[in-house]
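# Observations on the three-dimensional arrangement
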Amino acid sequence: MRVAIVGAGPTGFFLAASLFKSGPENLTVDMFEKTPFPFGLVRFGVAPDHPKIKNVTRGYQKTMDSPRFSFFGNVTLTEDGGQGHITADDLLRHYDRVALTVGCQDDRKLGIPFEDSKNSYSATRFVGWYNGHPEDRELNPNLKIKHATVVGAGNVAIDVFRFLASPHQRMAMTDASDHSLEALKTNTIEEVDVLVRRGAWDVAFTNPEVKELLDFEDVQFCFYPDLPPLDSPPPYADRTSTKNMEVFHELAGRRIENPRMTVNFRFQVSPKELRVDSDGQVKEVEVCHNELEIGETRSQLRQTDKTSVYPSQLFIRSVGYRGRPLAGIPFHQKWGLIPCDKKGRVTDLEGKVMEGLYVSGWMRRGPSGVIGTNKKDATEVGEVMLQDQRAHQATSRRELESWHQTLLDGGAISKQDWGLLDAWETSEGEQLGKPRRKLVTLLEVQEALNKLKATSATA
Ligand SMILES: Cc1cc2nc3c(=O)[nH]c(=O)nc-3n(C[C@H](O)[C@H](O)[C@H](O)COP(=O)(O)OP(=O)(O)OC[C@H]3O[C@@H](n4cnc5c(N)ncnc54)[C@H](O)[C@@H]3O)c2cc1C
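Residues numbered from 1 in each chain as written. Predicted model: local features only at pLDDT ≥ 70, side-chain atom pairs only at ≥ 80, totals over all residues. Heavy atoms only, no water.

### Overview of the overall build of the protein
- Per the secondary structure count, the protein includes 15 helices and 17 strands.
- Over its C-alpha atoms the protein spans a radius of gyration of 24 Å, differing by no more than 12% from the 23 Å that the globule rule assigns to 459 residues.
- If one aligns the C-alpha atoms of the protein with their principal axes, the spans along those axes are about 70 × 55 × 45 Å.
- Across the 459 residues in the protein, those meeting the buried criterion constitute 54%. (Helix = DSSP H or I, 4+ residues; strand = E, 2+ residues; numbered from the N terminus. Rg over C-alpha atoms; globule rule 2.2 N^0.38 Å. Buried < 20%, exposed > 50% of the residue type's maximum accessible area, 1.4 Å probe, protein only.)

Following this line, the structure appears as structure tokens:
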């Protein structure tokens, strides 16, 4: 059985591993990935200062090492705008089963005036920039400013805050991109506002992320309005929100003399509009204040007429990810996902199954859950892929090999290429005392590969 998996993130690797485990001995997996690099958001999302989380890639590498597995990096399944190298039809012709594990590449917007001004970004792009995603190489955010704003109450917002609040030497020990480390040297941010729609009991931060804020000992944390007391929690408070609230109280009680930076958690506010200077660069954010009505399971939010304006020369919204539509594949615009049945079989918008085509991971469930959540999802879809019948005769091995060769001649990155790049990145990183030094652009990758191949040919 021949399987194509599109997208080399955690879901793609969990799916390949589960197919190898439960499928027939002759099952092969060819994985297609738009960037030159495997591992999806483990490489391009997970915070650089959380290196242990990235150890999960050791398991993915083992899957990659299987002789039944092939990798084609720098190969994009054509997106809706026409950007890409291969189509769903190519895949459905050459393979018995095709799984889309392409994650959520785009961001949700706030829908406020001047959201796209200079130095206003989605966290999706900002995180991609500091993590060395090729598409975000040219973001060039200006950190030579005084006031920054981060909007959101999830872990991604905290990741962004930690990057902004980190001295250069803290991040220099990580695999953050060279260009973001250069920018961090110029960082003059004195104050960060974290804007949260609801209250301090409602945040979606997890405990380890909130506890980590205690490590920023030269940063003064302030909370507006004053934190609610610990001893009168709302009915929906749980262990996580109670622990978070304990840490918030500890942070609020700390008085730092001459803080390097001040962080204001501003609860119950929603951005209303950005204001820009004559260069089109963001300079202020106007917010409206929200009232909360505490319910049994969550708080109800009501916008009031009260507004405030805060200075902000860098504005980052972390309000969610959404999928990017692919050419020839149904897409649910409202959900930002590929429609599918309960088992992950891709359907059209009326619910009719498209034979041979499956979706798993963030693009199936939406952008939530940790890396491990995708394992259950991928295993479930893998089982269905093995059970389903498909009346289809895949192309001959010769045709497939010739198609692969065309992709490789067009610049696809093979598994052997990745082996060379991985060794280069880790050895360069080792010399600098960090886990890896990332290559970013395709040009850098090609230059490195040419040198590495020339060296191994003469050795
Ligand atoms: C900023 C951030 C930080 C996170 N931190 C953590 C954390 O610390 N711990 C944790 O457990 N979870 C974390 N997560 C969640 C975790 O990263 C996700 O659960 C997981 O990556 C989703 O896996 P996926 O394979 O579905 O998608 P992805 O990881 O996004 O992988 C999808 C892959 O598909 C590729 N692709 C997309 N479109 C195409 C195309 N057209 N053609 C070919 N290839 C394509 C992409 O380049 C990508 O490599 C974080 C998420 C984010 C956004």
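### Structural notes on the nonpolar core
- Judged by nonpolar contacts, the single largest core of 50 residues is most densely connected at Phe126, Leu164, Phe221 and Phe248.
- With seven residues, the single largest contributor to this core is helix 6 (residues 155-165).
- Apart from the residues within four sequence positions on either side, phenylalanine 248 is in contact with Ala200, Val203, Phe205, Val210, Phe223, Leu227 and Phe267.
- The next biggest cluster of nonpolar side chains, apart from the first, holds 35 residues, and it includes Val3, Ile5, Phe20 and Phe37. (Core = buried A, V, L, I, M, F, W, Y, C linked by side-chain atoms within 4.5 Å. Contact = heavy atoms within 4.5 Å.)

### Quick word on the pattern of salt bridges
- The tally for this structure, following the rule as stated, stands at 36 salt bridges.
- For the salt bridge of arginine 345 with aspartate 341, the shortest nitrogen-to-oxygen distance reads 2.9 Å.
- Look at aspartate 341 and you get partly exposed, because its relative accessible area is 21%.
- Ionic contacts of the salt-bridge type, sharing partners, join the residues Lys34, Glu79, Asp106, Arg125, Glu135, Asp136 and Arg324 into one network. (Salt bridge = Lys/Arg side-chain N within 4 Å of Asp/Glu carboxyl O.)

### What to know about the domain arrangement of the protein
- One can read the domain layout of the protein as domain 1 (2-105 + 322-413) and domain 2 (109-319).
- Using only C-alpha atoms to locate each centre, domain 1 and domain 2 end up separated by 33 Å.
- Taken together, the contact pairs 15 residues of domain 1 with 19 residues of domain 2.
- Summing both partners gives a buried area of about 1,200 Å² for domain 1 against domain 2, and 48% of it is carried by carbon and sulfur.
- The largest per-residue losses of area from domain 1 upon contact with domain 2 belong to Phe44, Pro48 and Asp49, which jointly make up 47% of the total buried on that side.
- Across the contact surface, domain 1 and domain 2 share five salt bridges.
- We note a salt bridge from aspartate 49 to arginine 170, for which the minimum N-O separation is 2.9 Å. (Domains from an automatic or database assignment. Buried area = accessible area lost by both parts, 1.4 Å probe.)

### Some thoughts on the site of the ligand
- In the neighbourhood of the ligand, 34 residues make up the surrounding shell, with Thr11, Glu33, Leu41, Leu77 and Ile371 lying closest.
- In the environment of the ligand, an oxygen atom lies 3.4 Å from a nitrogen or oxygen atom belonging to the backbone of proline 10.
- Within the contact set of the ligand, an oxygen atom lies 2.8 Å away from a backbone nitrogen or oxygen of isoleucine 371.
- When the ligand sits alone it has 1,000 Å² of accessible area, and the protein chains cover 94% of it.
- Of all elements in the fold, only helix 1 (10-22), helix 2 (40-44) and helix 6 reach the threshold of two or more residues within the shell around the ligand.
- Class assignment for the residues of the shell around the ligand results in 17 nonpolar, 13 polar and four charged.
- Taken together, domain 1 (2-105 + 322-413) and domain 2 (109-319) each give at least three residues to the shell around the ligand, which thus spans both. (Near = heavy atom within 4 Å. Polar contact = N/O pair within 3.5 Å; in protein donor to acceptor, adjacent residues only side chain to side chain. Areas by Shrake-Rupley, 256 points an atom, 1.4 Å probe, with all protein chains shown as cover. Nonpolar A, V, L, I, M, F, W, Y, C, P; charged D, E, K, R; others polar.)

### Some details on the packing of aromatic side chains
- Taken as a whole and judged by the stated rule, the model has 26 aromatic pairs.
- Aromatic pair phenylalanine 32 and tryptophan 403: ring centres 5.7 Å apart, planes at 55 degrees, arrangement tilted. With phenylalanine 32 in strand 2 (residues 28-32) and tryptophan 403 in helix 13 (residues 397-409), this residue pair connects regions lying 371 residues apart in the sequence. The pair phenylalanine 32 / tryptophan 403 is uniform in exposure class, with both members buried.
- An angle of 55 degrees between the planes, with centres 6.2 Å apart, marks the rings of phenylalanine 248 and phenylalanine 267 as tilted. You can see phenylalanine 248 sitting in helix 10 (residues 239-253) and its partner phenylalanine 267 sitting in the loop between strand 10 (261-266) and strand 11 (269-276), a full 19 residues away along the chain.
- Given the relative accessible area of 0%, phenylalanine 248 is considered buried.
- Among the residues examined, phenylalanine 267 registers a relative accessible area of 4% and is labelled buried. (Phe/Tyr/Trp six-rings, centres within 6.5 Å; stacked < 30°, edge-to-face > 60°.)

### Re helix 1
- With 13 residues, helix 1 should cover 18 Å at 1.5 Å per step; its first-to-last C-alpha distance of 18 Å lies within 8% of that length.
- The buried fraction of helix 1 is high, at 10 of 13 residues.
- Where helix 1 is concerned, the buried positions are Pro10, Thr11, Gly12, Phe13, Phe14, Leu15, Ala16, Ser18, Leu19 and Phe20. (Expected span 1.5 Å × (residues − 1).)

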